[in-house]
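# Fold and contact review
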Amino acid sequence: MDVVAAIEDDLFAYALMLGDSALVLGHRLSEWSGFGPTLEEDIALSNMALDLLGQARLCLDYAGKVEGRGRDEDALAFMRDDTDYRNLLICEQPRGDFAVTMVRQLFYAGFMQPCFTSLMASRDSTLAAIAAKAEKEMAYHLRHAGEWVIRLGDGTAESHVRTQRALDEMAIYVAEFFSVSAVERRLVDAGIAADPLSLRRPFEDSITPILKEATLVVPSFAQGQHGGKEGRHGEHLSRLLGEMQVLHRAHPGATW
Amino acid sequence: MVSPAESDVAALVDLARARAVIEAVCDPEIPVLTLADLGVIRSIEQRADGKIEIAITPTYSGCPAMSAITVDLHAALAKAGFDDVTITTVLHPAWTSDWMSATGRAKLRAYGIAPPAAKASRRALFGEEAAPACPQCNSGQTEKISEFGSTACKALWRCLSCREPFDAFKCI
C-alpha cells in the first residue's frame, strides 16, 4: 500500500513536469499571436501553442486524477503558485526575438520527441497514450523549427548573429533536460518515466546536423541551470503566471 | 408481452438508428466531413438500460473541435430521441490520417482541400512527403507555403499551375 502511494506521489509530480513545461511554453508561444513575422508564421506559432496547450490539458487532467483530491486541469493550471510548477526552465524564458523563439522550439522539440517516443513504452498506459499523440506533434514542431534555424543561421549577417546569440543564450538551459530528479529516478526504475540520460544522444543526433547546416557554432551543453523540476524558478515564471492566472483568480469558477 | 428475442431485435434497431445519427454529425471546422469520414468515432455501444456510450478520439491533442463535437453529438441524439448519452475521449490508439475514409478523401478534394496521402509514414513527418495534387486543377506542380494552415490538421500549399493557394490535410 505504501509503495503504491509513493508511486502515485511520484506519478503526480511527473505528470506535472510534462504538463507544466507544455503549458508554460505554450503560453510563451501564444504571446506571438498577432505579432508573427509573417501571417503564415503567426498562424504556425498559434497552432504550435495549441498543440502544447492540448498536451498540457491531457497531462494536468491525469495529474489531478492521480492525486485524487478533486483538482481538475484548471485548478492545477490556475491555482498553483510558481514554486509548485515543475516545468523546465527553458520554457519560462521570455520569448525574445524570433531567433530565440525558434532556437528554443528546436531544443524543446528535439528533446521531447525522443522523450515521448520512450514514454510510448511506459508501463503507465495513460502516459503511453498521451505520448503517442504528442510524439507526432513534436516531430512536426522539430521539423518546423529546424527549417527556420537553418534559414536564419545561414541567412543574412544580421539573422546569423542573432541566431548564434539565441543559441548561446538558450544553451545553458539544455543540461537540465538530462538531469535526473529523484522523482524521475524512481519512476525510471518502475518502468514508468523516460530516462533523461538515454535522451542525450537522440537529442544531439537530431539537432547537431541542423546547427551545422545553419553554419552556427554548436555550443557546449555540459553545464547549465537546474531547478525547474524541483520548483526553483526565476521571476520570469512569476510574471507569466500573473498574466495567465489573473482572470481565473479574479472570477473563480467562471465559465464561457 | 414482448419476448426476449423481440426486445433484442428492438435494441439492435435502436443502436443502428443511434449509430446512423452519430456517424452523420459533421466536423464543425470542416463541415463537408462527417465524423465517420474523419475516423474519430472509436466505439458506439448501448447499455441494457438504453444508455448510449460513445468513445471519440481527437485528431490533435489540442484540437478545439472536440468540445463542439461533443455538444453537436448530444444535440443530434436528443433530436432523435436519445437523451441518455455519455461521450468519452480516448487517446489510444492515437488517431492517424490513415483512418479517414475513401469517401472522406473524395469529399475533401471536391471541397478544395487536398486529402492526406494514402498512408502516413514517419518520413512524411520529416519533410520527405510527396507534394499533394492541387484540388482545383489536379496539377502535381505545387509548393508548400507554411507547415501550418487554418486548423491544426492542415498545412498551406500553393499550386504553381493555376496559382491558387489551398489547404492540404496533414499526413500524420
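Keep in mind that this is a model prediction, so the values were computed, not measured. (Residues numbered from 1 in each chain as written. Chains lettered and ligands numbered in written order. Predicted model: local features only at pLDDT ≥ 70, side-chain atom pairs only at ≥ 80, totals over all residues.)

## As for the overall build of chain A
Within chain A one finds 10 helices and 0 strands. A compact globule built from 256 residues would reach a C-alpha radius of gyration of about 18 Å, and chain A, at 18 Å, matches this within 12%. On the principal axes, the C-alpha backbone points of chain A span a range of 60 × 45 × 30 Å. Long-range pairs, those at least 24 residues apart, make up 75% of the contacts in chain A between residues at least 6 apart in sequence. (Helix = DSSP H or I, 4+ residues; strand = E, 2+ residues; numbered from the N terminus. Rg over C-alpha atoms; globule rule 2.2 N^0.38 Å. Contact = placed C-beta atoms within 7 Å.)

## Some points on the overall build of chain B
Across its full length, chain B holds 5 helices and 7 strands. When the elements of chain B are put in sequence order from the N terminus, they spell out α-α-β-β-α-β-α-β-α-β-β-β. With the C-alpha coordinates aligned to their principal axes, the bounding extent of chain B is approximately 70 × 30 × 25 Å. In chain B, which comprises 172 residues, the share counted as buried stands at 36%. Counting only contacts in chain B whose residues sit at least 6 apart along the sequence, the fraction spanning at least 24 positions is 52%. (Buried ≥ 20, exposed ≤ 12 C-beta atoms within 10 Å, placed from the backbone.)

## Quick word on the interface of chain B and chain A
Residue-level contacts link 19 residues of chain B with 21 residues of chain A. Class assignment for the residues of the side of chain B that touches chain A results in 13 nonpolar, 5 polar and 1 charged. (Nonpolar A, V, L, I, M, F, W, Y, C, P; charged D, E, K, R; others polar.)

## Observations regarding the packing of helix α6 (residues 125–153) of chain A against helix α9 (residues 200–213) of chain A
Residue and element names in this part refer to chain A. Look at α6 against α9: their axes get within 8 Å of each other, and the N-to-C directions meet at 25°. Compared by their axis directions, α6 and α9 come out roughly parallel. Classified by chirality, the crossing of α9 by α6 is right-handed. Taken together, the residues of α9 that come into contact with α6 (itself represented by L142, G146, V149 and I150) are S206, I210 and E213. (Axes fitted to C-alpha atoms, helices over the stretch in contact; angles between N-to-C directions. Parallel < 35°, antiparallel > 145°, perpendicular 65-115°, else oblique. Left-handed = near helix turned anticlockwise from the far one by under 90°.)

## A few points about the sheet that holds strand β7 (residues 165–169) of chain B
Residues and elements named next belong to chain B. Taken in spatial order, the 4 strands line up as β4-β7-β6-β5 in an open sheet, and their pairing is mixed. In this open sheet, the two strands that pair with only one neighbour each are β4 (113–114) and β5 (142–146). Pairing between β5 and strand β6 (residues 154–159): 4 bridges, direction antiparallel. The residue of β6 that forms the bridge with S146 is L156. (Pairing = 2+ DSSP bridges.)

## Looking at helix α7 (residues 157–171) of chain A
All names here are of chain A. Given a rise of 1.5 Å per residue, 15 residues ought to cover 21 Å, and the 21 Å separating the end C-alpha atoms of α7 matches this to within 8%. All of the buried residues in α7 are R162, T163, Q164, A166, L167 and M170. Contacts made by the buried residues of α7 are with α4 (89–92), α5 (98–119) and α6. (Expected span 1.5 Å × (residues − 1).)

## Let's talk about the confidence of the model for chain B
All names here are of chain B. Of the residues in chain B, 90% reach a pLDDT of 70 or more, and the chain-wide mean stands at 87. Confidence, read as mean pLDDT per element, is least for helix α5 (residues 122–125) in chain B (54) and greatest for strand β2 (residues 52–56) (95). Reported confidence for the predicted complex is 0.74 by ipTM and 0.88 by pTM. (pLDDT = per-residue confidence, 0-100.)

## Focus: the domain arrangement of chain B
Residue and element names in this part refer to chain B. Segmenting chain B into domains produces domain 1 (4–89) and domain 2 (97–169). The straight-line distance from the C-alpha centre of domain 1 to that of domain 2 is 28 Å. Listed as interface residues are 11 residues of domain 1 and, on the opposing side, 11 residues of domain 2. Residue classes in the side of domain 1 that touches domain 2 are distributed as 6 nonpolar, 3 polar and 2 charged. (Domains from an automatic or database assignment.)

## With respect to the sheet that holds β2(B)
Residues and elements named next belong to chain B. Taken in spatial order, the 3 strands line up as β1-β2-β3 in an open sheet, and their pairing is mixed. Only two strands of the sheet have a single neighbouring strand rather than two, namely β1 (41–46) and β3 (85–89). Taken pair by pair, the neighbouring strands of this sheet meet at an average axis angle of 15°, ignoring direction. Here β1 pairs with β2 via 5 bridges, running antiparallel. Opposite Q46, over in β2, you have I52 as the bridge partner.

## What about the nonpolar core?
Formed by 118 residues in total, the largest nonpolar core has its most connected members in A15(A), C59(A), V103(A) and V149(A). Other than its neighbours up to four places away in sequence, V103(A) contacts V149(A), T163(A), A166(A), L167(A) and M170(A). (Core = buried A, V, L, I, M, F, W, Y, C linked by C-beta atoms within 7 Å.)

## A word on unusual backbone geometry
All names here are of chain B. Note the cis peptide between H92 and P93, where omega equals -5°. For P93, the location among the structural elements is in the loop between β3 and α4 (102–111). A positive phi angle, close to 70°, is found at N138, a residue other than glycine. At R163, a position not held by glycine, the phi torsion is positive, near 70°. Of note, R163 is situated in the loop between β6 and β7.

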